[in-house]
Structure formats: structure tokens, C-alpha cells
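The chain contents come next:
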Amino acid sequence: MFNDIGALELVTIVVLAILVFGPDKLPKVIQDVSNVIRKIRSFSDSAKQDIRSELGPEFKDFEFEDLNPKTFIRKQLTENEDLKELRTSFDLRKELTDVTDAVNGKENPAAEAAATPAAGTGPDLLKKPAAPAPEPRTPFDADAT
């Protein structure tokens, strides 16, 4: 809860509490604050139990921490069997080398065999098209403008 409070901030809070409430009232204030925190926690736990009981037995494994978007996404990515199968079947390094080879104009024998179009198929999209012939330029006439 107070993970980001350092020692200097804690000492400052204690000194301010002693100055504001005084040394004779400070133990009573600390006791009251701890009782309020305890009541809030018990209220929160009872509300969670009520929600779980209302949802029914199909949500018995439901955790409220899973509603945090980071936790939800992490859980879905690690527990989803389809994604695990997809990750194992997809070789990213091979795909990247194929793409870089195609961009650089290098082709490996396996890619050449796969890239040769069969009869009746469309044009080969991996090969660069021939440069179009330059159009003849019309002469520039400075007086005409």
C-alpha cells in the first residue's frame, strides 16, 4: 500500500502527526485510524464474498484482481491454448529472413520454388517491375509563360 513512501517522508508524517495531534492524543488517533482501515477491509471482503455467491458456481475461480487489464491480458496470453499453438508454429526468425531477402533481392532456393507462378496464376509480386520507359519531354518555352 505504501510502497513508494521513503524513510524521509515517513519521518515527516510522524513529526507532523505529533505536532498536529500532540503526544497525548496521538495513540488514540492511531488506534481509530487502524480500526477504520480494519472495518473497510472487512466490508470489502464481505462485498467480494456476496458478489461471488451471487455469480454462482460457474464463477468459483473468479478473482477480482483479474479485472486489472494488465493481469487480464497476461493471463489470457499465458493460458490460452490456441495462442500457445500459434506461437510454437510461427517461426518469426524465418519469416524475417524471408522478408529481408525479398526486400534485398536475394532469393533462397526454397523461396524460388514457392515464388515461381504456376500456369494461369497472377504475376509474381516478389519481383521488381521493369522500369517504365521515360516519356519524351516537351520543350520549355520561357517566352510562352
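Rules used throughout
- Residues numbered from 1 in each chain as written.
- Predicted model: local features only at pLDDT ≥ 70, side-chain atom pairs only at ≥ 80, totals over all residues.
- Heavy atoms only, no water.
- Helix = DSSP H or I, 4+ residues; strand = E, 2+ residues; numbered from the N terminus.
- Buried < 20%, exposed > 50% of the residue type's maximum accessible area, 1.4 Å probe, protein only.
- Salt bridge = Lys/Arg side-chain N within 4 Å of Asp/Glu carboxyl O.
- Expected span 1.5 Å × (residues − 1).
- Bend = angle between axes of the 7 residues up to and from the residue.
- pLDDT = per-residue confidence, 0-100.

### Here we look at the overall build of the protein chain
Counting secondary structure elements, the protein chain contains five helices and zero strands. Across the protein chain, helices and strands are ordered from the amino to the carboxyl terminus as α-α-α-α-α. Within the protein chain, the fraction of its 145 residues that count as buried is 3%.

### Structural notes on the pattern of salt bridges
Using the criterion set out here, one finds two salt bridges in the structure. Across the pair D32 and K28 runs a salt bridge, and its minimum N-O distance is 3.2 Å. In this pair, D32 and K28 both sit in helix α1 (residues 7-55), four residues apart, roughly one turn of the helix. Judged by relative accessible area, D32 falls into the partly exposed class, the value being 34%. Residue class for K28 comes out partly exposed when judged on its relative accessible area of 48%.

### What about α1?
Given a rise of 1.5 Å per residue, 49 residues ought to cover 72 Å, yet the end C-alpha atoms of α1 are separated by just 44 Å, more than 12% below that figure. Along its length, α1 shows its largest kink, about 100°, at G22, and proline P23 lies within four residues downstream of that point.

### Quick word on the environment of G105
Along the polypeptide, G105 turns up in the loop between α4 (92-104) and α5 (109-115). Overall, the relative accessible area of 55% leaves G105 in the exposed class. It is 8.6 Å that separates the C-alpha atoms of G105 and K128, two residues lying 23 residues apart in sequence.

### Details of the confidence of the model for the protein chain
In regions of low pLDDT, the predicted coordinates are not meant to be interpreted in detail. Within the protein chain, residue pLDDT values average 79, and 81% of them lie at 70 or more. Within the protein chain, the element-level pLDDT minimum falls on α5, averaging 51, and the maximum on α1, averaging 90.

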